[in-house]
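An overview of the molecular structure
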Amino acid sequence: MKALLAAVALLLAACGAPAAAPAPPSSSPAAAEAPPALGTNGAAVPALRWTPCHGKFQCAPAAVPLSYREPKGPALTLSVIRLPASDPGRRLGSLFFNFGGPGTDGVGELTRFADRYPPELRARFDLVSFDPRGIGGSAPISCPGADHAPAPGSPLRQPDAYFAASAALGKACAAGSGALLSHLSTANVARDLELLRQAVGDPALNFYGYSYGTYLGGTYANLFPDKVRAMTLDGTLDLAANATGQPGQEKEPVDVRADVAGAQQQELEQFFAVCAAAGPKCAFSAGDPKARFAGVFAHASRSTGVGSLMKTVDSALYQSGRWKRLAQTLSAMPADPGPAAPVLDPYVPTHSPAFLAVQCVDSDNPASPADYAALAARESARQPYFGLGSVFSMAQCVGWPARDEDRYPGPWNRARKNPVVVLNNRFDPATPLHNAQATAAELGDGRVLVVDGYGHTSLDAPSACASAALTRYLTDLAAPAEGTTCAPDAVPFS
């Protein structure tokens, strides 16, 4: 590690880049050993030439370095989009968005969601987004043959075949993408974002990140703490858990460290309670919905397997507007009395190449299949419905054929001028409220605003109250008081 620190320091000195500011004390060993931030290392600011696109929007290409260790070396081109402020005379600057993933394209998502934002935000800011490097229109990775790769199968019945099939995607991406695969960390996306901030002429960054975008925001806020004006994190990852975890979590994958299974179970319990209270409006309300679901799960475990059932449940938990259809689906499924059979074919999410290309270089995950087997026994007992999915959700990262030496593992608490607003639904199946609270503490200046709703991010649980609070913050820097709560605009089964 000392050698790495020395090498980075020499590189910064050679390129004339300023040394990173000393980090505040941190109790995290990973943070204490973190190398100095590389910054943009003197890279040229791209010249944005905007042209009309997608109707009322404007688009521009932006050249950035492939590696910030070689700011004048090979470059890649980012696809950038903006919706100009509707009131230029009151314009405050640009508001950058990342819509999550990783692997989600920012260009298409801004065209999809721009009209949802309050008129005051659209009047005062250019709304700006971009496809992150390796994704969409920004030098996308290539993984030839990935669409025809064998399905991973069961991690419990055929672990060797499962991990071999999971690794096939990484091998295909390495063959098709070459050096690009080692430069796709969120830290490099944050460095791109810093160049784009300079390119639009803003003295400091205004940023709104959803889900994975909160990790991008947290990374930027610590690589460039003096360049943050206002930052909203919506549906928030635990920054430390996503990167390295805490001491003692070295053999736990990301979703276990974040206790995603616990969040899914918590929201499922809410589904049962709200369904029962809704009566005839919920097709699954007769009797005890919780007991009925246990019977449905038991039947599936003894017959067709629980994969299809839990995939349906997982999808519905992301948006409470889907709960009515979930209730109808469950009510039509057979149920058995008694306990479920041992789950040998769990539902395990599979991820896109673009997702893995970022997540597998950002996050520490167990490298040995044996570590996953040990965790499977523990987590399936602790969370029978969702535990196995969390254990194996990042198994495709085992043997991933790339590392990004310029990723950012912390610390997360560098001093900033203004607080960061951390918005989270009380019941979020992917980014639990306890993750948002952890991130607010890790940042040191986070203000948590809670929407008393269900689903993932405010995109799936809109709240006029939260939207108004965020608009005040982004325009006037009036952050909501810690402990502020807002009601959602809609409730399930209404």
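Each remark here, short or long, concerns the structure printed above.
The structure presented is a predicted model; accordingly, all values stated were derived computationally and were not measured. (Residues numbered from 1 in each chain as written. Predicted model: local features only at pLDDT ≥ 70, side-chain atom pairs only at ≥ 80, totals over all residues. Heavy atoms only, no water.)

**Thoughts on the overall build of the protein chain**
On a plain count of helices and strands, the protein chain comes out with 19 helices and ten strands. Looking at the protein chain as a whole, 57% of its 494 residues qualify as buried. Contacts in the protein chain between residues far apart in sequence, at least 24 positions, make up 78% of those at least 6 positions apart. Accessible surface computed for the protein chain: about 19400 Å², of which carbon and sulfur atoms make up 55%. (Helix = DSSP H or I, 4+ residues; strand = E, 2+ residues; numbered from the N terminus. Buried < 20%, exposed > 50% of the residue type's maximum accessible area, 1.4 Å probe, protein only. Contact = heavy atoms within 4.5 Å. Areas by Shrake-Rupley, 256 points an atom, 1.4 Å probe, with all protein chains shown as cover.)

**Digging into the packing of helix α12 (residues 307–317) against helix α13 (residues 323–331)**
At a minimum axis distance of 9 Å, the contact between α12 and α13 shows a crossing angle of 160°. As far as their axial angle goes, α13 and α12 are roughly antiparallel. In the crossing of α12 with α13, the sense of the turn from one axis to the other is left-handed. On α13, the residues touching Leu309, Thr312, Val313, Ala316 and Leu317 of α12 are Trp323, Leu326, Thr329 and Leu330. Residue classes in the contact of α12 with α13 are distributed as seven nonpolar, two polar and no charged. (Axes fitted to C-alpha atoms, helices over the stretch in contact; angles between N-to-C directions. Parallel < 35°, antiparallel > 145°, perpendicular 65-115°, else oblique. Left-handed = near helix turned anticlockwise from the far one by under 90°. Nonpolar A, V, L, I, M, F, W, Y, C, P; charged D, E, K, R; others polar.)

**Structural notes on the pattern of salt bridges**
By the definition in use, this model includes 22 salt bridges. The partner of Glu109 in a salt bridge is Arg112, with the nearest N and O atoms 3.5 Å apart. Here Glu109 pairs with Arg112, and both are found in helix α3 (residues 106–113), just three residues apart, close to one helical turn. The class for Arg112 is exposed, based on a relative accessible area of 57%. Where salt bridges share partners, they join Glu252, Asp259, Arg378, Glu379 and Arg382 into one cluster. (Salt bridge = Lys/Arg side-chain N within 4 Å of Asp/Glu carboxyl O.)

**Some remarks on the packing of helix α11 (residues 289–302) against α12**
Two elements in contact, α11 and α12, have axes whose closest approach is 9 Å; the angle formed by their N-to-C orientations is 140°. Judged by the angle between their axes, α11 and α12 are oblique. For the pair α11 and α12, contact is made by Phe293, Val296, Phe297 and Ala300 and by Leu309, Met310 and Val313, respectively. Taken together, the residues of the contact of α11 with α12 sort by class into seven nonpolar, no polar and no charged.

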